[in-house]
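Okay, here's what each chain looks like letter by letter:
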Amino acid sequence: EKGTIIYLHRNAIIKIDGSLHVNGTMEEPVIFRGDRLESFYDDIPGQWGILYLSDTSRNNMIDYAQILHGTIGILVSAPPEDENPPDLRITNTIINHMSSFGLYALNASVYGENLVIGECGASNVALFYKGSYEFVHCTFANYWRSFFSNRRLPALYMADYFIDIDSAGEEILNWNESNFEKAEFKNTIIYGNEMHELVLDSYKGTKMNYLFDHCLTRIDNRKFDYTQDPRFNFTINNYSPLLDSVPYSYRLDTLSPAIDKGLMDYALSVPFDFNGESRVSDDGPDIGAYERITR
């Protein structure tokens, strides 16, 4: 319930085989964090393990949570043959300072809105094999600091395959020809301090089922020419979102190119931002989880 703080020791894992309901509020979020309370540990990643939603987990809902300083913020996955994957609805939540992934999903169903995922040693969001994914008014911004480790993965990584290891230690390739049911990103920021922060990786080079609509991205056109892809609509690329509070809340600065550039149709489905500010009362909604309000 609201105001709960869950302290996790080194390598601790919370495994959910049933349903997880996190009922925080804006004033009293639910916090998952490490158990070291000294100020030195306030933004140190990798202090605990994983929040794991297993293949039998259903009807998971997280609202107004802070998931901080772990290894993987949320892992939600099911075996390739599972036709009834685990599901998660996550709203008004920040995942930050993860030593590996922020959200790792494999054969799952995830809906996110007003979701902020910050510093991660791997990807903010990684989607594998197949599943159904939709993110509306989210901010995925990775400014991982190299003195922790060298980051080799982009802020968003999608692949229609994954590598498993059998009992003999041999690698097994799992590839899904039909790939994702959907993977949609709407009025969302996908950015970071690397030159290429969005990778769509198909094992056989097939076109995956995705949509990027009114997003602000960092894509190296030499690696991927998104301008020739009709599944990218009204993209603002390689313009810094000018976030004024990295690496903590990722709000927009007054000069951010994301201001008023979102699609109103999506804002009407998420009319209030991460801080409860209206998106629909000015010239247009801002891209990302935060609406810049000038008073």
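The preceding data block contains the structure.
Presented here is a report on the structure given in the accompanying data block. (Residues numbered from 1 in each chain as written. Predicted model: local features only at pLDDT ≥ 70, side-chain atom pairs only at ≥ 80, totals over all residues. Heavy atoms only, no water.)

What follows concerns the nonpolar core. Membership of the largest hydrophobic core comes to 46 residues, with the highest contact counts inside it found for Ile74, Phe135 and Phe185. For this core, the element with the most residues is strand 10 (residues 103-117), which contributes six residues. Those residues in contact with Ile74, other than ones at most four positions away along the chain, are Leu51, Leu53, Ile62, Ile67, Leu88, Ile90, Ile95, Gly102, Leu103 and Tyr104. Ala141, Tyr250, Ile259 and Tyr290 belong to the second largest nonpolar core, which has 16 residues in total. (Core = buried A, V, L, I, M, F, W, Y, C linked by side-chain atoms within 4.5 Å. Buried < 20%, exposed > 50% of the residue type's maximum accessible area, 1.4 Å probe, protein only. Helix = DSSP H or I, 4+ residues; strand = E, 2+ residues; numbered from the N terminus. Contact = heavy atoms within 4.5 Å.)

Next up on the list: the pairing of strand 16 (residues 182-186). Most of strand 16 is tucked away: four of the five residues are buried. Where strand 11 (residues 125-136) meets strand 16, five bridges bridge the pair, whose relative direction is parallel. Looking across to strand 16, one finds that Ser132 is bridged to Lys182. Across three bridges, strand 16 lies against strand 19 (residues 211-213) in parallel orientation. Along strand 19, the bridge assignment pairs Glu184 with Leu211. (Pairing = 2+ DSSP bridges.)

Now for the layout of surface pockets. Roughly 240 Å³ of internal volume is contained in the largest pocket. Around the largest pocket sit 18 residues that line it, and Pro29, Ala65, Gln66, Ile94 and Phe274 are the ones nearest its centre. Listed by contribution, the elements that provide at least two residues to the lining of the largest pocket are strand 7 (65-68) and strand 9 (87-96). When the residues that make up the lining of the largest pocket are grouped by side-chain class, the tally is nine nonpolar, eight polar and one charged. Quantified by volume, the second largest pocket comes out at close to 150 Å³. (1 Å grid on protein atoms, 1.4 Å probe; cavity = no way out; pocket = protein on both sides within 12 Å on 5 of 7 lines; lining within 4 Å. Points joined across faces, edges and corners; volume = space filled by probe spheres on them. Nonpolar A, V, L, I, M, F, W, Y, C, P; charged D, E, K, R; others polar.)

Our next topic: unusual backbone geometry. Pro247 follows Val246 through a cis peptide bond whose omega is 5°. Topologically, Pro247 is positioned in the loop between strand 22 (236-237) and helix 1 (264-269). Positive phi outside glycine occurs at His69, with the angle close to 70°. Relative to the assigned elements, His69 resides in the loop between strand 7 and strand 8 (72-77). Even without a glycine there, the phi angle at Asn114 is positive, about 45°. By relative accessible area, Asn114 is classed as buried at 2%.

What follows is about the environment of Phe232. For Phe232, the location among the structural elements is in strand 21 (residues 232-233). Taking relative accessible area as the criterion, Phe232 reaches 8% and is therefore assigned buried. Sequence-wise, Phe232 and Glu181 are 51 residues apart; in three dimensions their C-alpha atoms are separated by 17 Å. When residues no more than four places from it in sequence are discounted, the contact partners of Phe232 are Leu198, Leu200, Tyr210, Phe212, Ile219, Phe224 and Tyr226.

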